[in-house]
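Descriptive structure summary
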Amino acid sequence: MKIERRRFVGLMLGATSGAAVGLSAGHLLSKTFATADSPYDPPGGIEEFRLSVCSLCPGGCGVRVRCIAGRPVKVDGNPRHPVSGGRLCPKGQASLQSLYHPDRIPGPMRRKGERGSLASFEKKTWEEAFVEIGGRLRSIREQGKPESAVLLRAGAMSLGSRAGSRFLSAFGSPNDVRLDRGDEAASIALRLTQGVKSAPVYDLPSTDYVLSLGSGFLEASGSPVASARAFGEFRQVRTGRRGKFVQVESRLSLTGAAADEWIAVHPGTEGIFALGIASVLVNEDLYDRDFIAEHAAGFESGPTPGSKPGLGLRALLERDFGLERVAAETGVSVNVILRVARELHAARASLVVGPRRGPLLPGSLFDHLAAQALNALVGNIDGEGGLLVAEETPIPAWPELSAKGPGAEGRKHSRLDGAGQNGGKLVDSDPEDLAGAILSKKPYPVEFLILHDADPLHSSAAPARFAKAIEGVPFTVSISAFPSDSALHADWILPEAHFLERWDLHTTPPGLSFPLASVSKPVLEHPLVDARSSAEIFLELAKRVGGEVASAFPASDPPSLIRHDMDGIFAAQRGAVMGTAFDEAWVRMMEGAGWWAPGYRTAEELWKGALEFGGWWDPFYDHEEWARVLRTPSGKFEFKADLLDGIAKERAQKLTAENGNATELSLVLFEPLSVAGGFGAELPFLPALLDPGHEERWESWAEIHPETAKIHGLRDKGWVRISSAGGSIVVRVVVTWRVVPEAVAIPAGLGKRGGGRWARDMGANPFKLLGAARDPLSGLPDFQGTRVRLEKAQGPETGPGAMAAWHGSDSGLSGLELQNTRNFRS
Amino acid sequence: MARWGMVIDLDRCTACQACVVACQVENNIPPASARTAERGRAIAWIRLVPFGKGEGGEHPSLRLIPVPCMHCEHPPCTKVCPVHATQVGDDGLVGQVYARCIGCRYCTTACPYTVRQFNWDRPAFPEPMEAGLSPDVSVRPRGVVEKCSFCHHRLQNAKDAARAAGRPIREGDYLPACVESCPPGAMAFGDFDDPRSTVSRLAESHRAFKLLEELGTHPKVIYLSKGEWGGES
């Protein structure tokens, strides 16, 4: 018998201590060491680095993948990529767990039994899938009702996303609905004030002072790595300058934890605080008079060129946002408001960031409009260190769709969700109303639903309504890599290839100023499971439908489609292949002087360069190009004081109604980076990262102020039932001063019933608490206005958290560790 | 001989925890489960430790400090190991020899930073996750202690590459996975013996401080922060 050294020493130690404390302990100890050896011995091989683009969130980070003998073993940022700059967020770092995930959908699956369980699905071939789905689509079109097909999508601006939209409109449906609307409120604010339809870009690296109105820009921005890199530059100690950062919010977020100062306000009053600051700037004459005089409209009351006469911002601020009143409503002292206003003015460049909390939490339009007003008052619109407007990537248009035929007829129908200007809404997509339309079958019934990367049963503001709606749809196809809650309710699940397994083209993510096109080719030659990219799926479906749908694409496979788009970028005659910091400075300098020095001469050279280095971009930004950044009817920045006034009145009425019920609290939702956008709990490295500020891991929790906890008889680590008009959930209690007494804060992103072995039944989904209420004016779901009641609960309803009976009794090393680490500085 | 060390600028850190996951992937740490996490047995070589301040006070704040192994110059952990499984190596890195470790856990108790972790469970990588394992780092068996190695295997690779190129190892040749990944660029790594290195320059900042300096461990991880944490206090 071979006795290894470790086992020998272990046995000896066991014997010694066994003699000391009794034989059973010694026996246990030696047993511990007997089976010690690891069964894993990873094989070596040739090392290679290949480029790709992470698409676990819309951030679009260029990545560099380390492969050993062709197997990806590590993902890092691509140093030449302008979004990632060689860095990567925890989700990107964990992305190999989504590639090698044991619960990936193995191939096309057809449901044959009850909805909601993977056991009800059987594996099919792609041909079988395309025959049935293609046949179904053809027959819908032949019956002359192509508008009854609906596409609900989420995620990155990828090739698959564009192919899906294109497929749907060529097919003849106007119902292209987006589920993740994190940028929507900010975009609407920009559209109203500047006439530009895009998310605002904050020039963080060049600014000196940031006032954030509850924004989660360091946790879950449109592109988390780009935001974090920008923050790093902002914080860099330059000669005599180091940016100051003030966070205004009712729950101290991780973004707030990185700030120099947290100003705690009553829930939902961030915008009022901003207008209080605005009124100080106006009263003390600290605003940018030149900008207001030349480029702004609606500052003073009365008629302005190009718009209706109305209330001016100055009059509104004087009438309704006096210091005393703002102080009373926000709970912030007059002195603090005055100080922040003066700091904002005194900084060389200052920036006010709107309240976007995450990919699913857009913030209220009122607060975004207030942020816009402040940005205009300090005169930073389109200035260095100010608020910029993104430029679109010059991707060429795909062939024009025919103006006649069933496709054109179908597109003329009104959208089912009533979104967009034709529907009289400011939002571009309204998935909750789509669910309503599916249920009511009005204005017309839905025959066919495609879910692309979208999980409305978990990540919409109306999960229960969607669960009911999806049962009423005759045919649902889910394109998803994981058995998400919604995929498990579909008729077909078509597995999407991982980003390391497919061709893709990503354009500029929201929140970045420069146009870019990241090209990625498969890192793995063959997908690990029988999966295909969504672009391939839509192209194939288009072929199966045939006719004008098939000819709506300029090429018939993803690489040719990407090549077509890159040739169009070559024709735009600008920008350069992604390069080093020196290359970037060079291109900027040359373009600033009116030259174009791309380093490639032919479309072929651009294509090769893009494949070798990650893609194409144009780093040059032309500041104060007023015709581009101010596209309102007046050609000026419009303050929209009348809209602010209208919303303020509506909110005041609501508040008065609520004040009658003092036992209710405001629900504050937030999205931890690791599960933002409704994806992340699937990958087992991520649920441990939800919030390093306290010990809660792998479960949902509610942050409750100590005073509030006392009133409701709740203790730390106990359980609480949180109920609203919309529903109720049970979560762990965390008693903390990080939230104000009038609010209760809960993370979104957990509470899945699907999603594989790790995500399943972990935590609770707070979107179940949202009612039917809408944010005034924008029409977005009211993510910030829900009122909830607290009630002590015995334990969680489902999931691994149900093991809580012994919580704290057998915490092993962790108790000691925590105790030790907490004493570091005491 | 170099003296490798790290500087972490807390004013730039956003607490995103990319360092935590980058380390776990690089060093073949098995995925945890809710059960192991709940029992405090999930392994992370670097983690964020919260320091709240001003509870109920006027200016409450929360600091989250990334804590890897400090690779102390006078490490308390090496002195208590009965089998010499942990020692200070030639490069000043505190190494852990898994094959020697008997799992007595004296070192986890001795370490004042509590960065040493014990493998309570057999490592398990559900099929096909095994394919993502790096051949540079051995998978630790149950019953041994492990900790941050400053990605020592990367130092070996960097030394080999420099030797092949016939030049000495240069700044930037060798970065641990956490430093490479850090999105806001809050972490710097290099040779404290080289007065021109980035870490040496940063360590001279008035914002610099060390954790539990008073114990005389001489940690080689230095933090930068303004205000109450840094040199201004």
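Here's a quick rundown of the structure. Values in this document were obtained by computation on a predicted structure and should not be read as measured data.

1. Some thoughts on the sheet that holds strand 23 (residues 615–617) of chain A
Residue and element names in this part refer to chain A. A sheet is described by the order of its strands in space; here four strands give the open sequence 20-21-23-22, paired in antiparallel fashion. Each of the sheet's edge strands pairs with one partner strand only, and the pair in question is strand 20 (504–507) and strand 22 (576–577). Alignment of strand 20 against strand 21 (residues 516–520), held across four bridges, turns out to be antiparallel. Looking at the pairing, Leu 505 lines up with Val 519 of strand 21.

2. Re a nonpolar patch on the surface
Residue and element names in this part refer to chain A. Taken together, the side chains of Phe 582, Trp 586 and Met 589 make up a nonpolar region of the molecular surface, amounting to roughly 370 Å² of accessible area. Checked against the element boundaries, Trp 586 lands in helix 23 (residues 581–592). Given a relative accessible area of 38%, Trp 586 falls into the partly exposed group.

3. Remarks on the packing of aromatic side chains
According to the stated counting rule, one finds 28 aromatic pairs over all chains in the structure shown. Taken together, a centroid distance of 5.8 Å and an interplanar angle of 50° make the contact between A:Phe299 and A:Phe639 tilted. With A:Phe299 in the loop between strand 12 (296–297) and strand 13 (302–304) and A:Phe639 in the loop between strand 24 (637–638) and helix 26 (641–659), the pair connects residues that are 340 residues apart, well separated along the chain. Across this residue pair, the class does not change: A:Phe299 and A:Phe639 are buried. Between A:Trp596 and A:Tyr600, the ring centres sit 5.9 Å apart and the planes meet at 80°, which makes this aromatic pair edge-to-face. Note on A:Tyr600: relative accessible area 5%, which makes it buried. B:Arg41 extends its terminal NZ or CZ atom over the ring of B:Trp120, reaching a point 4.0 Å from the ring centre. Positioned above the aromatic ring of B:Phe118, the side-chain terminus of B:Arg105 is 4.6 Å from the ring centre.

4. Considering the interface of chain A and chain B
Each side of the interface is counted separately: chain A has 80 residues, and chain B has 94 residues. Carbon and sulfur atoms supply 60% of the area buried between chain A and chain B, which totals about 7,400 Å² over both sides. Counting every contact that joins chain A to chain B gives five salt bridges. The interface formed by chain A and chain B holds 13 residue pairs in polar contact (both at pLDDT 80 or more) in total. The biggest single contributor to the side of chain A that touches chain B is helix 8 (residues 224–235) of chain A, with seven residues. Partitioning the side of chain A that touches chain B into residue classes produces 42 nonpolar, 17 polar and 21 charged.

5. Focus on helix 5 (residues 126–142) of chain A
Residue and element names in this part refer to chain A. Taking 1.5 Å as the rise per residue, helix 5 with 17 residues should run 24 Å; its terminal C-alpha atoms sit 23 Å apart, in good agreement. Every buried residue of helix 5 is accounted for by Trp 126, Ala 129, Phe 130, Ile 133, Gly 134, Leu 137, Ile 140 and Arg 141. In a view along the axis of helix 5, the buried residues occupy a sector of 120°, so they form one face of it. Looking one or two places after helix 5, you find Gly 144, whose phi comes out positive at around 75°.

6. Examining the pattern of salt bridges
Here the idea is simple: oppositely charged side chains can pair when their charged atoms come close. In total, this model carries 75 salt bridges over all chains according to the counting rule given. A:Asp428 is the partner of A:Lys197 in a salt bridge, and the nearest nitrogen-oxygen pair spans 3.6 Å. One end of the pair, A:Lys197, is in the loop between helix 7 (184–194) and strand 8 (200–202); the other, A:Asp428, is in the loop between helix 16 (405–411) and helix 17 (431–440), with 231 residues separating them in the sequence. Among the residues examined, A:Asp428 registers a relative accessible area of 31% and is labelled partly exposed. Put simply, A:Asp645 and A:Lys649 hold a salt bridge, and the shortest N to O gap is 3.2 Å. Taken together, the residues span about one helical turn, with A:Asp645 and A:Lys649 both in helix 26 at a distance of four residues. On the basis of relative accessibility, which here comes to 47%, the residue A:Lys649 falls in the partly exposed class. When salt bridges with common partners are traced through the structure, they connect A:Arg64, A:Lys74, A:Asp76, B:Glu26, B:Arg154 and B:Glu180 into a single cluster.

7. Focus: helix 5 (residues 152–164) of chain B
If you check helix 5 of chain B, its first and last C-alpha atoms are 19 Å apart, about what 13 residues at 1.5 Å a residue would give, namely 18 Å. All of the buried residues along helix 5 of chain B are B:His153, B:Arg154, B:Leu155, B:Ala158 and B:Ala162. Close packing links the buried residues of helix 5 of chain B with strand 3 (71–77) of chain A together with strand 1 (4–9), helix 1 (18–26) and helix 6 (177–181) of chain B. After helix 5 of chain B finishes, the residue B:Gly166 shows a positive phi value of roughly 70°.

Each value, and the rule that gives it
- Numbering of residues begins from 1 in every chain and follows the order in which that chain's sequence is written.
- Naming scheme: in the order in which they are written, chains are lettered from A and ligands are numbered from 1.
- The predicted origin of the model limits local features to residues at a pLDDT of at least 70 and limits the giving and counting of side-chain atom pairs to 80 or more, whereas totals for whole chains, interfaces and linings rest on all residues.
- Side-chain figures throughout are based on the complete set of non-hydrogen atoms in the structure, without hydrogens or water.
- Strands are labelled as partners when DSSP assigns at least two bridges between them.
- What counts as a helix is a DSSP run of H or I of at least four residues, what counts as a strand is a run of E of at least two, and both are numbered from the N terminus.
- Each patch is assembled from residues with relative accessible area greater than 30% and no salt bridge, linking like charges that lie within 9 Å and nonpolar side chains (Val, Leu, Ile, Met, Phe, Trp, Tyr) that lie within 5 Å.
- Accessible surface area values rest on a Shrake-Rupley calculation with a 1.4 Å probe, where residue burial reflects the displayed protein chains alone.
- Salt bridge, as used here, is a side-chain nitrogen of Lys or Arg placed within 4 Å of a carboxyl oxygen of Asp or Glu.
- Burial classes follow relative accessibility: with a 1.4 Å probe on protein chains only, a residue under 20% of its type's maximum area counts as buried, one over 50% as exposed, and anything between as partly exposed.
- Stacked, edge-to-face and tilted are the three classes for Phe, Tyr and Trp ring pairs, Trp counted by its six-membered ring, which pair at centre distances within 6.5 Å; planes under 30 degrees apart are stacked, over 60 edge-to-face, the rest tilted.
- Remark: a charge is flagged as sitting over a ring if the NZ atom of Lys or the CZ atom of Arg is within 6 Å of the ring centre and within 35 degrees of the ring normal.
- Throughout, a contact is declared for two residues whenever any of their heavy atoms are within 4.5 Å.
- The term buried area means the drop in 1.4 Å probe accessible area that two parts suffer when joined, counted for both and summed.
- Pairing of N or O atoms within 3.5 Å defines a polar contact, subject to two protein rules: one partner must be a possible hydrogen donor and the other a possible acceptor, and residues neighboring in sequence count only if both atoms are side-chain atoms.
- The classification used treats Ala, Val, Leu, Ile, Met, Phe, Trp, Tyr, Cys and Pro as nonpolar, Asp, Glu, Lys and Arg as charged, and all other residues, Gly among them, as polar.
- Every helix has an expected span of 1.5 Å times one less than the residues it contains.
- The arc in question is formed by the directions pointing from the helix axis toward the C-beta atoms.

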